[in-house]
Amino acid sequence: QVRLVESGGGLVQAGGSLRLSCTASGGIFSINIMGWYLQAPGKQRELVATITSGGVTNYADSVNGRFTISRDNAKNTIYLQMNSLKSEDTATYLCNSVQSGSRWSWGQGTQVTVAS
């Protein structure tokens, strides 16, 4: 069973930056893809960015060019560097992993609030 723990959220002014981290434990060798999703109040969960075990990245159009996903395999950790933050980026950001057998795991989430 993969366990995901996020950190790094907080309050930031529009135009500012934050870096989120997500560390995986338990069953990590079965992970194929890791990524970040966001969920705003009253809205559906949305993809932000993903990274494969081989380092291939994918981004939502809304964050492309502003956010960067990366991974440190030695630390079993992925990061989301968020620059040029906008008020519409305000949401709970959840870490996700997809393991072999198409099993999904989720972290508890970290809140990002961008003040305009």
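Above this text is the structure in question.
These numbers were taken from a predicted model, which means no experiment stands behind them.

## Details of the sheet that holds strand β8 (residues 77-82)
The antiparallel open sheet is built from 4 strands, whose spatial order is β1-β3-β8-β7. Edge positions in the open sheet fall to β1 (3-7) and β7 (67-72), since each of these has one partner strand only. Adjacent strand axes in the sheet meet at a mean angle of 15°, parallel and antiparallel pairs treated alike. The pairing of strand β3 (residues 18-25) with β8 spans 6 bridges and is classified as antiparallel.

## A few points about the pattern of salt bridges
In the structure shown here, the tally under the stated rule is 1 salt bridge. D89 is paired through a salt bridge with R66; the nearest N and O atoms lie 2.8 Å apart. In this pair, D89 is assigned in the loop between β8 and β9 (91-99) and R66 in the loop between β6 (57-59) and β7, connecting sequence segments 23 residues apart. Look at R66 and you get buried, because its relative accessible area is 13%.

Rules used throughout
- Residues numbered from 1 in each chain as written.
- Predicted model: local features only at pLDDT ≥ 70, side-chain atom pairs only at ≥ 80, totals over all residues.
- Heavy atoms only, no water.
- Pairing = 2+ DSSP bridges.
- Helix = DSSP H or I, 4+ residues; strand = E, 2+ residues; numbered from the N terminus.
- Axes fitted to C-alpha atoms, helices over the stretch in contact; angles between N-to-C directions.
- Salt bridge = Lys/Arg side-chain N within 4 Å of Asp/Glu carboxyl O.
- Buried < 20%, exposed > 50% of the residue type's maximum accessible area, 1.4 Å probe, protein only.

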